[in-house]
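# Survey of secondary and tertiary structure
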Amino acid sequence: MRRLAIYPGSFDPPTLGHLDVVERASRLFDDLIVAIGVNSSKKPLLSSEQRTEALIASTSHLPNVTVQTFNGLLVKYALEQGASSIVRGLRATADFEYEFQMAMVNRRLCEQVDTVFLMTKWEHSYLSSSIVREVAVLGGDYSDMVHPSVRAIIARALNGNDRT
Ligand code: PNS
């Protein structure tokens, strides 16, 4: 049986840290779905279509990785897809409390799906989507924080000619 994992997140935008976690997870599992959680109460920088485009472009070298969007409960979506694991990236201590809570809630909701934490490369461990958004919106250079194709999509979104 092929082992499928889900890597969920907002990915607004996907950073090099996210991409590093995707690469590591794609080596650990037979198949990986990068799943963009669509939260209608948030006003994102990138639309779900732009985030999908950004993730497809930056993971095209990984044949066992696909990109989807999901609504509602993560564990429900994971079960529907037939996934046995949820992958989350873990940076320094700041992430732990939130990730611990989310993993425990997800386990309480569904025993069959385990959460697996992967550490990104040291050089990406300071990165977050919110930092990239802030630097981008304020006109700073974020080219070493995201994949080149993602940079182009952010630039387009900020120019206002592709924002939904
Ligand atoms: O990148 P993020 O913003 O930390 O990702 C958060 C995400 C999308 C993984 C999380 O909000 C989520 O799982 N949303 C789905 C709703 C859900 O299942 N909630 C219960 C678990 S806390």
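This text follows the structure it describes.
Keep in mind the model is a prediction, meaning the values are calculated, not measured.

What counts and what doesn't
Residues numbered from 1 in each chain as written. Predicted model: local features only at pLDDT ≥ 70, side-chain atom pairs only at ≥ 80, totals over all residues. Heavy atoms only, no water. Near = heavy atom within 4 Å. Polar contact = N/O pair within 3.5 Å; in protein donor to acceptor, adjacent residues only side chain to side chain. Areas by Shrake-Rupley, 256 points an atom, 1.4 Å probe, with all protein chains shown as cover. Helix = DSSP H or I, 4+ residues; strand = E, 2+ residues; numbered from the N terminus. Nonpolar A, V, L, I, M, F, W, Y, C, P; charged D, E, K, R; others polar. Buried < 20%, exposed > 50% of the residue type's maximum accessible area, 1.4 Å probe, protein only. Core = buried A, V, L, I, M, F, W, Y, C linked by side-chain atoms within 4.5 Å. Contact = heavy atoms within 4.5 Å. Pairing = 2+ DSSP bridges. Axes fitted to C-alpha atoms, helices over the stretch in contact; angles between N-to-C directions. Salt bridge = Lys/Arg side-chain N within 4 Å of Asp/Glu carboxyl O.

Once that is clear, we can look at the site of the ligand. The environment of the ligand is formed by P8, G9, S10, F70, G72, L73, L74, R88, Y98, M102 and N106. A distance of 2.5 Å separates an oxygen atom of the ligand from a polar side-chain atom of S10. Within the backbone of L74, one N or O atom sits 2.8 Å away from an oxygen atom of the ligand. Bound to the protein, the ligand loses 70% of the 550 Å² it would expose on its own. Breaking the shell around the ligand down by element, the ones donating at least two residues are β1 (4-9) and α4 (96-109). Its residues assigned to classes, the shell around the ligand shows 6 nonpolar, 4 polar and 1 charged.

On to the environment of E123. You can see E123 is positioned in the loop between β5 (114-119) and α5 (129-137). Residue classification places E123 among the partly exposed residues on the basis of a relative accessible area of 46%.

Judged by nonpolar contacts, the single largest core of 16 residues is most densely connected at Y7, V22, L32, V34 and V87. In contact with V22, not counting residues within four places along its chain, are Y7, L32, V34, T59, L62 and V65.

Next up on the list: the sheet that holds β5. Pairing is parallel in the open sheet, where 5 strands are placed in the order β3-β2-β1-β4-β5. Strand pairing shows two members of the sheet lacking a second neighbour, β3 (65-70) and β5, which therefore form its edges. Within the sheet, the average angular offset between the axes of one strand and its neighbour, ignoring direction, is 30°. Of the pairings in the sheet, the one linking β1 to strand β4 (residues 85-90) comprises 2 bridges and is parallel in character. From the neighbouring strand, I6 faces β4, where its bridge partner is I86. Running at roughly 120° to β5, helix α1 (residues 16-28) makes contact with β1, β2 (31-37), β3, β4 and β5 of the sheet. This element, α4, spans β4 and β5 of the sheet and lies at about 170° to β4.

This model, assessed by the stated rule, comprises 8 salt bridges. With a shortest N-O distance of 3.4 Å, E80 and K76 are connected by a salt bridge. On the criterion of helical spacing, the pair formed by E80 and K76 is a turn pair, its members being 4 residues apart in helix α3 (residues 74-81). Classification of E80 by relative accessible area gives exposed; the value is 55%. K76 gets classed as exposed once you look at its relative accessible area, which sits at 52%.

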